[in-house]
Amino acid sequence: LQAKLLRVLQEGRVRPVGGVEEVELDVRLVCASNADLQSYISAGKFRRDLYYRLSTFQIRIPPLRERRGDIPALAFVILQELSKKLKRSVTISPEALEVLTAHDWPGNVRELRNVLEFSAYLSDNGVIVRDSLPESLVRPATELENIPLAQRVRMFEQSEIHKALLRCGSSLEGKKQAAAELGISLATLYNKLGSD
């Protein structure tokens with residue numbers, strides 16, 4: 001596939017599936033990757049010539065953990081979108097925002113978006129508070145050891161549901177897929193999301 005893409009980029013032509021003639025292209029590509037492409041090139045997993053063809057102008061966007069000051073603004077925009085989607089106002093408390101700002105966000109903005117959506121479902125009156133956030137963000141692992149078993153089980157369930165929603169998405173179809181992956185019904189998933 002890399003060789004075919006390189007040929008299309010070099011020649012500016014493509015033959016559509018089932019076509020007999022090539023069609024000229026006038027396109028610009030914008031590519032994004034969170035992989036270390038130099039190591040992929042060294043390992044023979046990515047073509048060097050394709051890399052140089054694609055890397056005409058590079059913009060490095062640092063991970064969210066390196067630009068924590070952007071988290072409040074991103075959260076505000078995401079909450080506006082969530083408010084429209086859920087057809088109710090969703091806001092966040094200063095304490096919850098502090099927790100978000102302190103997190104490392106290995107999943108970057110996608111993870112932030114899903115945490116906010118997950119928390120919006122658990123929030124009372126549309127206000128995301130510290131207790132609405134996933135326990136993995138709020139409490140360090142050592143602190144979790146002193147929590148009663150029933151509460152740890154509930155936290156584990158919510159964490160697994162959150163991970164499944166991160167993978168599958170939070171649309172109705174995504175929730176159905178997450179429930180199927182977890183081996184629970186959609187109703188059970190909703191009950192677990194709404195449990196305190």
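Before any of the text, the structure's been laid out above.
Presented here is an overview of the structure given in this document. (Residues numbered from 1 in each chain as written. Predicted model: local features only at pLDDT ≥ 70, side-chain atom pairs only at ≥ 80, totals over all residues. Heavy atoms only, no water.)

## Brief notes about the pattern of salt bridges
- Enumeration according to the criterion identifies ten salt bridges in this entry.
- Linking Asp-70 and Arg-67 is a salt bridge whose minimum nitrogen-to-oxygen distance equals 3.2 Å.
- The partly exposed category is assigned to Asp-70, whose relative accessible area is 34%. (Salt bridge = Lys/Arg side-chain N within 4 Å of Asp/Glu carboxyl O. Buried < 20%, exposed > 50% of the residue type's maximum accessible area, 1.4 Å probe, protein only.)

## Brief notes about the side chain of Ser-132
- Structurally, Ser-132 is set in the loop between strand E4 (127-128) and helix H7 (135-138).
- Take Ser-132: its relative accessible area is 2%, and that puts it in the buried class.
- Once residues within four sequence positions are removed from consideration, Ser-132 is found in contact with Ser-119, Leu-122, Ser-123 and Val-127. (Helix = DSSP H or I, 4+ residues; strand = E, 2+ residues; numbered from the N terminus. Contact = heavy atoms within 4.5 Å.)

## Concerning helix H6 (residues 108-122)
- In this model H6 runs 22 Å from its N-terminal to its C-terminal C-alpha over 15 residues, within 8% of the 21 Å that 1.5 Å per residue would give.
- Taken as a whole, H6 has its buried residues at Glu-111, Leu-112, Asn-114, Val-115, Leu-116, Glu-117, Phe-118, Ser-119, Ala-120 and Leu-122. (Expected span 1.5 Å × (residues − 1).)

## Observations concerning the packing of aromatic side chains
- A full pass over the atoms with the stated rule returns one aromatic pair.
- When the centroid spacing of 5.3 Å and the interplanar angle of 75° are considered together, the rings of Tyr-51 and Tyr-52 count as edge-to-face.
- Lying across the ring of Tyr-40, Lys-45 places its NZ or CZ 5.7 Å from the centre. (Phe/Tyr/Trp six-rings, centres within 6.5 Å; stacked < 30°, edge-to-face > 60°. Lys NZ or Arg CZ within 6 Å of the ring centre and 35° of its normal.)

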